[in-house]
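Take a look at the letters that make up each chain.
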Amino acid sequence: MGKAVTDSLRRQAHALATAFVHTLDLRDPGALQREWAMSPALAGEICDMVDSYFAPQQRLSLAPLAQAFAPGQGGRPPVDVYATDAGPLGMECMLLADGRPGEATVHLEVAGHDGALRLSYKYIGS
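Novice: Can you walk me through the environment of Phe-69 in this structure?
Specialist: You can see Phe-69 is positioned in the loop between α4 (65-68) and β2 (79-83). The exposure class assigned to Phe-69 is partly exposed, which follows from its relative accessible area of 25%. Residues Phe-69 and Val-79 lie 10 residues apart in sequence; the distance between their C-alpha atoms is 5.6 Å. For Phe-69, the contacting residues outside a window of four places in its chain are Arg-10, His-14, Pro-77, Val-79 and Val-81.

Following this line, the structure appears as structure tokens:
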């Protein structure tokens with residue numbers, strides 16, 4: 001994957017991240033394992049992290065595509081896609097709780113694989 005972050009790549013990365021966050025919203029380690037090929041330990045850890053930031057009834061999402069890349073508070077967009085020296089695209093995605101910005105950010109990587117993009121979870125932090 002090249003270093004240029006095109007609008008097309010941003011849209012594709014946003015779609016993958018949205019699907020990932022939809023799975024996070026289920027708070028189901030089994031779903032993370034099935035949908036994102038995670039180990040049981042990692043899936044459980046991710047669910048524990050989500051539970052530490054959000055109440056069980058809060059619905060998790062990302063900013064919609066139309067607003068995702070526009071600068072927000074502090075000048076950073078709610079979804080930031082950037083080139084890395086290692087090759088994959090990095091993503092920092094502010095998690096929304098019931099449509100409102102939360103304190104947690106999910107960090108992801110998106111890389112090309114057999115002509116398609118593949119998303120990898122890195123961590124959730126503040």
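Novice: Is there a simple way to explain helix α2 (residues 29-36) in this structure?
Specialist: An α-helical turn contains 3.6 residues, so a residue and the one three or four places further along point in the same direction. Turning to α2, its buried residues number three or more, namely Ala-31, Leu-32 and Trp-36. For α2, the angular spread of buried residues about the axis comes to 100°, placing them on one side. Buried residues in α2 make contact with α1 (7-26), α3 (40-53) and β5 (116-125). In the stretch just after α2, Ala-37 is the one whose phi turns positive, near 50°.

Cut-off values and rules
- Numbering of residues starts from 1 in each chain and follows the order in which that chain's sequence is written.
- Local features are withheld for residues below a pLDDT of 70 in this predicted model, meaning they are given only at 70 or higher, and side-chain atom pairs are given and counted only at 80 or more; totals for whole chains, interfaces and linings count all residues.
- No hydrogens and no water enter the side-chain calculation; it runs on all heavy atoms of the structure.
- Helix and strand definitions follow DSSP, with helices as H or I runs of at least four residues and strands as E runs of at least two, each counted in order from the N terminus.
- Residue burial is assigned from relative accessible area. The probe radius is 1.4 Å, only protein chains are included, and a residue is buried under 20% of its type maximum, exposed over 50%, and partly exposed in between.
- Here, residues are in contact when the closest pair of their heavy atoms is within 4.5 Å.
- The directions considered for the arc are those from the helix axis to the C-beta atoms.

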